[in-house]
Amino acid sequence: MADGQDTQGDAGALEALHPDAWRWAVHLTYGDRELAQDVLHDAYLAILDGKAKWRRQSTYKTFVFGVIRMTAKSVFRKRALMTFRFPTGKPHDMPAQARPDPLLRGTLQAMARLPKRQAELVQLVFAQDLTLEDAAQVMGISIGSARTHYARAKASLRDALNVEATDER
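Residues numbered from 1 in each chain as written. Predicted model: local features only at pLDDT ≥ 70, side-chain atom pairs only at ≥ 80, totals over all residues. Heavy atoms only, no water.

Across the interface, helix α1 (residues 11-28) lies against helix α2 (residues 33-48) with an axial gap of 10 Å and an inter-helix angle of 145°. Read as a crossing pair, α1 and α2 show a hand that is right-handed. Contact residues: Ala11, Leu14, His18, Ala21, Trp22, Ala25 and Val26 in α1; Arg33, Ala36, Gln37, Leu40, Tyr44, Ile47 and Leu48 in α2. Taken together, the residues of the contact of α1 with α2 break down into eleven nonpolar, two polar and one charged. (Axes fitted to C-alpha atoms, helices over the stretch in contact; angles between N-to-C directions. Helix = DSSP H or I, 4+ residues; strand = E, 2+ residues; numbered from the N terminus. Left-handed = near helix turned anticlockwise from the far one by under 90°. Contact = heavy atoms within 4.5 Å. Nonpolar A, V, L, I, M, F, W, Y, C, P; charged D, E, K, R; others polar.)

This is the structure we're talking about:
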C-alpha cells in the first residue's frame, strides 16, 4: 500500500496484514483460536464498513492493531456480562496449549507472569515488529508509560530466564 493511497475499507490492505493481525488476535485471546477468529471478523467488519476510521495519525498497521485490541476488549466485556447473567458453573480457563520445547516453554511461562500491559508491549514490539511508539498508540498509552512498562518487562524476562538457566545447570 502506498503512503498516499486511501486504505480505508481496502480489503487488500487488510489481507496483507492478516498474518500479523492473526497472531495479535490469538495473543489477545490467550490462544483461543475460535475467539481470535471472531475478534478478527468483527474488527475487519468495523474497518471495511467504515465504523472504525483511519485518521492517518499512525500507520495503517497500528490503526488495524488498535481496532483488533478494542474489539477483543469488547468481546471479553460481553462474555463477562453473559457469564455474570447466565453462570454455567464451569470455570473459564485458558485453553490448553501444545507443549513447546523447554526454552520456548520457559519464555512463555515468563511471559505469562508479566502484567498484561507489559506482555502486550513485548508482543507488539517483538512478535509484531511495531516500534515502541506505534505499540503505545495501539494500546492507547503515552510513550513514556510504554517505555517504562517495556523496560520493566525486559528486566523481568531477563531475570526469569537467567534464573531458569541457572536452575538447569
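With 38 residues, the main nonpolar core has Ile47, Tyr60, Phe63, Val64, Ile68 and Leu124 as its most contacted residues. Elements with a minimum of two residues in this core: α1, α2, α3 (60-85), α5 (116-127), α6 (132-139) and α7 (143-168). Viewed by domain, this core spans two of them, domain 1 (1-90) and domain 2 (94-169), each represented by three or more residues. The contacts of Ile68, once residues within four sequence positions are left out, are Ala21, Trp24, Ala25, Leu28, Val39, Leu40 and Ala43. (Core = buried A, V, L, I, M, F, W, Y, C linked by side-chain atoms within 4.5 Å. Buried < 20%, exposed > 50% of the residue type's maximum accessible area, 1.4 Å probe, protein only. Domains from an automatic or database assignment.)

Before going further, it helps to spend a moment on α5. A rise of 1.5 Å per residue sets the reference length of α5, with its twelve residues, at 16 Å; its end C-alpha atoms lie 16 Å apart and thus fit the reference within 8%. Every buried residue of α5 is accounted for by Gln118, Ala119, Glu120, Leu121, Val122, Gln123, Leu124 and Val125. Just downstream of α5 lies Asp129, where phi reads positive at about 60°. (Expected span 1.5 Å × (residues − 1).)

Another aspect to go through is the side chain of Arg69. As for its position among the elements, Arg69 is in helix α3. On the accessibility criterion, Arg69 (10% relative accessible area) is buried. Within the structure, Arg69 has its side chain in polar contact with the side chain of Glu120 (distance 2.9 Å). Reaching out from Arg69, the side chain makes a polar contact with the backbone oxygen of Met139 at a distance of 3.1 Å. Apart from the residues within four sequence positions on either side, Arg69 is in contact with Trp24, Leu28, Glu120, Val138 and Met139. (Polar contact = N/O pair within 3.5 Å; in protein donor to acceptor, adjacent residues only side chain to side chain.)

Judged by side-chain charge, Lys73, Arg77, Lys78, Lys116 and Arg117 come together as a positively charged surface patch. At the level of secondary structure, the elements contributing two or more residues to the positive patch comprise α3 and α5. Ranked by residue count, the leading element in the positive patch is α3, at three residues. Position of Arg77 relative to the elements: it lies in helix α3. (Patch = residues over 30% accessible without salt bridge, like charges linked within 9 Å, V, L, I, M, F, W, Y side chains within 5 Å. Areas by Shrake-Rupley, 256 points an atom, 1.4 Å probe, with all protein chains shown as cover. Salt bridge = Lys/Arg side-chain N within 4 Å of Asp/Glu carboxyl O. Lys, Arg positive; Asp, Glu negative; His and termini not counted. Charge placed at Lys NZ, Arg CZ, Asp CG, Glu CD.)

By themselves, these figures tell us nothing about what the structure is for.
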